[in-house]
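# Residue-level structural notes
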Amino acid sequence: MSRIRGLKTRRNAELGLLVFAMLLVAAFGATVEANQFDEIRPGFWLPAALIGSLFLGLHMVVRFTAPYADPVLLPSVALINGIGVAFLRRLDIAKAIAQGTPEPGLFADTSGRQLAWTLLSLVLASVLLLVLRDHKVISRYAYTLGLVGIVLMMIPAVLPEDYSEVNGAKIWIRFGSFSIQPGEFAKLALVSFFAYYLVRKREVLSLASHRFLGIDFPRGRDLGPVLTVWLFSLLVLVFEKDLGTALLYFGLFVVTLYVATERSSWLIIGLILFFGGVYVAYLLGAAVGGPFANFYDRAELWLDPFSQENYNRESGNSYQLVQGLLGLGTGGLFGTGPGAGSPGKVPEVRTDFIFAGLGEEVGLFGLSAILIIYLLIVERGLHAALAVRDSFGKLVAGGLAFTLGLQLFVILGGITGLIPLTGQTTPFLSAGGSSLMANWLLIAMLLRISDAARRPANTPAERAGGPKKAPTQLHGAMTEVIKP
């Protein structure tokens, strides 16, 4: 039994990777100081040490509540979160130098608020790991979570623009200086609901009525759920004026449906429905305007951002996109170096366009390294989905991992001009509390599911009532142990 436990736990490896990640964050901060002040001051390591202590606290929670969890997830996310805080502090320092004001303290300005949001996010992730010892418990509240997700999604749409709209997208709830993006939390609730629904309806949705070009297509009566979610996503596109959110939720449902049924026809139907609906919305925006006008304007700016007409538009001009593209081009392969560029020239560089600002200073190679880390996080989430024993856990982990990957695609697609701009923020990197808290809860769920997937049979947690292997799987595990 000890041999099984020794093979499965990797908490010391997680701790080592976490320390290495914080050393990279400290090196980033040291380079910023060298370029901003022409020297590396003795306290350059303090921000990295402070945020590292927060991640160490979560590591200790994982060590005692999810000891068999994937050891790569936490250090990978910690590295991206740490770089995000370090880059925001770099922007705060540059702003103070330009204005001739004293350098902000560790807990001041945007980077200080992001540090506070990180602390709150890690506390929420720790509470989830402490309270939720078995991910299957969530399935008992699936319909409630589905209703909560829909309500959270629709609140910004029904609020007046003064309380919900930022940069043309109605995806916020704003009261004075307080603001929250409820859609970030809605995606977690909807993933759980979709997973529960599809586990129960998988056999029906897997039935095929006819075959076309070698692909089995579902029966017409089974298209109801897909058409419902499709219509809902178009309503989000029209009334919340946000392509990214609409694509995120519809893509999440269709991919979860594909994972549950293993029918590629659902992907084809989903793509046809979504892009067909987007094209119709574009045509209606050109013809009648109204609620479709915002999407039409964004599409026009995307099609030709460098034209004089689009660049000089009084509302929603392409200045932001053009500056982002110029920043990425200026960075080239290796970048100007942390602290040596001019990311402040890009509007919203702290939130929507943080990738463009980073790209100028770390270059294509640096951005590629960050994207590889994101890819690693998504891959480990999918690995947990494949390894966990229950169908509900598979769909939840797969849906959460795909959500993270699709959100990243939507953001990068908008910044690079692949798709129209959206109001999405880069997970763990951009300034903002809603996104950070929701995505750390997402990681906590992946840690919990990966713990269940990697946990060997007959551990003390299972004897106390935790998840158990099927008898055949247990027999196979024990055979591996006694095999000479």
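Everything quoted here is computed from the prediction, not taken from an experiment.

Along its length, the protein chain carries 19 helices and six strands. Residues counted as buried form 52% of the 484 residues belonging to the protein chain. Restricting to contacts in the protein chain with at least 6 residues of sequence separation, those with at least 24 account for 71%. Taken as a whole, the protein chain presents about 21,400 Å² of accessible surface, with 66% of it coming from carbon and sulfur.

What follows is about helix α2 (residues 11–37). Taking 1.5 Å of rise per residue, the 27 residues of α2 would be expected to cover 39 Å, and the 39 Å separating its terminal C-alpha atoms lies within 8% of that figure. At the exit of α2 stands Asp38, carrying a positive phi of roughly 60°.

With 117 residues, the main nonpolar core has Phe428, Trp440 and Ile443 as its most contacted residues. Here this core takes 14 residues from helix α17 (residues 433–454), the largest share from any one element. With residues near it in sequence (within four places) discarded, Phe428 still touches Val77, Ile80, Asn81, Tyr374, Leu404, Leu436, Asn439, Trp440 and Ile443.

Below, the discussion takes up the packing of aromatic side chains. What the rule picks out here adds up to 12 aromatic pairs. Judged by centre distance (6.0 Å) and plane angle (50°), the rings of Phe193 and Phe194 are tilted. The same class applies to Phe193 as to Phe194, namely buried. Between Tyr282 and Tyr296 the ring centres are 5.1 Å apart and the planes differ by 35°, which places this aromatic pair in the tilted class. Here Tyr296 lies in helix α12 (residues 293–303) and Tyr282 lies in helix α11 (residues 264–287), a separation of 14 residues in the sequence.

We now examine helix α3 (residues 46–65). Its 20 residues give α3 an end-to-end C-alpha distance of 29 Å, which sits within 8% of 28 Å, the value for a rise of 1.5 Å per residue. Along α3, the residues classified as buried are Ala48, Ile51, Gly52, Leu54, Phe55, Leu58, His59, Val61, Val62 and Thr65. Within α3, the buried residues cover an arc of 170° as seen down the axis, which keeps them to one side. Packed against the buried residues of α3 are α2, α4 (73–99), α5 (109–131) and α17.

Secondary-structure assignment places Ile150 in helix α6 (residues 142–158). Considered as a pair, Ile150 and Phe232 are 82 residues apart in the sequence and their alpha carbons are 9.4 Å apart. In contact with Ile150, other than residues within four places in its own chain, are Leu190 and Phe232.

The topology assignment puts Thr118 in helix α5. For Thr118, a relative accessible area of 0% puts it in the buried group. Setting aside residues up to four positions removed in sequence, Thr118 forms contacts with Ile51, Leu54, Phe55, Asn81, Val85 and Leu436.

Before going further, it helps to examine the confidence of the model for the protein chain. One rule of thumb: low pLDDT means the predicted coordinates there are not for detailed reading. Looking at the protein chain as a whole, its pLDDT mean stands at 86, while 88% of the residues score no less than 70. Taken together, the stretch residues 462–484 has pLDDT below 50 and engages in 21 contacts with residues farther than four places along the chain or on a different chain.

In this section: the pattern of salt bridges. If you walk through the whole model with that rule in mind, you get 12 salt bridges. When the shortest N-O distance is used, the salt bridge between Lys136 and Asp134 registers 3.2 Å. Taking the relative accessible area as the measure of exposure, Lys136 reaches 30% and is therefore partly exposed. Asp451 serves as the salt-bridge partner of Arg455, at 2.8 Å between the closest nitrogen and oxygen. The residues Arg455 and Asp451 share a single accessibility class, namely buried. Salt bridges linked by common partners bring Glu33, Arg41, Arg89 and Glu103 together as one network.

Quick notes on the rules
Numbering of residues starts from 1 in every chain and runs along the sequence as written. Local features are withheld for residues below a pLDDT of 70 in this predicted model, meaning they are given only at 70 or higher, and side-chain atom pairs are given and counted only at 80 or more; totals for whole chains, interfaces and linings count all residues. Computation of side-chain values: all heavy atoms of the structure, hydrogens and water removed. Per the convention used, a helix needs a DSSP run of H or I reaching at least four residues, while a strand needs a run of E reaching at least two, with both numbered from the N terminus. Each residue is assigned to one of three classes by its accessible area relative to the maximum for its type, calculated with a 1.4 Å probe on protein chains only: buried under 20%, partly exposed between the two thresholds, exposed over 50%. Note on definitions: a residue-residue contact is assigned when non-hydrogen atoms from the two residues lie within 4.5 Å. To be clear on the numbers: accessible area is Shrake-Rupley with a 1.4 Å probe, and residue cover counts the displayed protein chains and nothing else. An expected span of 1.5 Å times one less than the residue number is assigned to each helix. Here the nonpolar core consists of buried residues drawn from Ala, Val, Leu, Ile, Met, Phe, Trp, Tyr and Cys, with membership extended through side-chain atoms lying within 4.5 Å. The rule is short: rings of Phe, Tyr and Trp, with Trp giving its six-membered ring, pair when the centres are within 6.5 Å, and they are stacked under 30 degrees, edge-to-face over 60, tilted in between. The arc in question is traced by the directions running from the helix axis to the C-beta atoms. As a per-residue measure, pLDDT tells how confident the predictor is, with possible values from 0 to 100. Salt bridge, as applied in this entry: a Lys or Arg side-chain nitrogen positioned within 4 Å of an Asp or Glu carboxyl oxygen.

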